[in-house]
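Given next are the chains, with one letter for each unit.
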Amino acid sequence: MSDTPSTMMELGTEAPDFKLFDTVNNQLVSLDDFNNAKGLLVVFMCNHCPFVQHILDEFVITARDLQQKGIGVVAISSNDVENYPDDSPVKMASLAREKQFSFPYLYDGTQEVAKAYRAACTPDFFLFNENDELVYRGQFDDSRPGNDKPVTGNDIREAADLLFDEEVKEDQKPSLGCNIKWKKGNAPEYFDG
């Protein structure tokens, strides 16, 4: 496990566009599909990462809660599947069915979407308001594998609640996880691994 923090994209940044296939139903999903949402949570994650596995069950519950409030949720995996076959689209679809994801689980095979979001780790969270402006980027909560803190999703839940107050909390902690597994020669300039 390598501990890689979020790049902490500048608050107020407009959500980068994406058009990717959902691994479960092979439907194309884009940013425009969330135009009527009250906000959008984009999470970069993957199957094999212990940091993702540590929070996954609570994240699935949190995602459903956010969706009930009218906030869209989408998960994206950008890992190099040639060297990390557990993160292949087939296995992504299998995990999504097993855990009953209520949100699309998209595959970013070119890794261009991860670069557009300056995603660095799994999991890496980006919450946008209804105007597609970044209001939160950072951790799910303070829990990490082995630190004995409960997995609650408090940081994401609090940020989502603030969407409706139109107040952005500046004090945000970076997410921490495994680095995105970049294809050989494809790592972005912000990756120092």
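Note: the structure precedes this text.
Cut-offs used in this document
Residues numbered from 1 in each chain as written. Predicted model: local features only at pLDDT ≥ 70, side-chain atom pairs only at ≥ 80, totals over all residues. Heavy atoms only, no water. Disulfide = S-S within 2.5 Å. Helix = DSSP H or I, 4+ residues; strand = E, 2+ residues; numbered from the N terminus. Buried < 20%, exposed > 50% of the residue type's maximum accessible area, 1.4 Å probe, protein only. Polar contact = N/O pair within 3.5 Å; in protein donor to acceptor, adjacent residues only side chain to side chain. Pairing = 2+ DSSP bridges. Axes fitted to C-alpha atoms, helices over the stretch in contact; angles between N-to-C directions. Contact = heavy atoms within 4.5 Å.

**A word on the state of the cysteines**
Working step 1: Tallied over the entire structure, the rule returns zero disulfides.
Working step 2: No disulfide involves Cys121; its sulfur sits 8.3 Å from the nearest other cysteine sulfur, which is in Cys49.
Working step 3: Note on Cys178: no disulfide assigned, nearest cysteine sulfur contributed by Cys49 at a separation of 3.2 Å.

**Regarding the environment of Gln172**
Working step 1: Summarising the element assignment, Gln172 is placed in the loop between helix 4 (154-163) and strand 10 (176-179).
Working step 2: Judged by relative accessible area, which is 11%, Gln172 ranks as buried.
Working step 3: Note: C-alpha distance between Gln172 and Val74 (98 residues apart in sequence) is 21 Å.
Working step 4: Polar side-chain contacts of Gln172 include one of 2.9 Å to the backbone oxygen of Val135.
Working step 5: In this structure the side chain of Gln172 is engaged in a polar contact, spanning 2.8 Å, whose partner is the side chain of Arg137.

**Description of the sheet that holds strand 8 (residues 124-129)**
Working step 1: Strand order across the open sheet formed by seven strands is 3-2-6-5-4-8-9, with mixed pairing between neighbours. Across the chains shown, the open sheet's two edge strands, defined by having one partner strand only, are strand 3 (28-30) and strand 9 (134-138). Looking at each pair of strands side by side, their axes are set apart by 30 degrees on average, direction ignored.
Working step 2: Bridge count between strand 2 (residues 19-22) and strand 6 (residues 105-107): two bridges; the pairing is antiparallel. Directly across from Phe21, in strand 6, lies its bridge partner Tyr107.
Working step 3: Where helix 1 (residues 50-68) meets the sheet, it contacts strand 4 (39-44), strand 5 (72-77) and strand 8, and its direction lies at approximately 145 degrees from that of strand 5.
Working step 4: Across the sheet, helix 4 is in contact with strand 4, strand 8 and strand 9; its angle to strand 8 comes to roughly 10 degrees.

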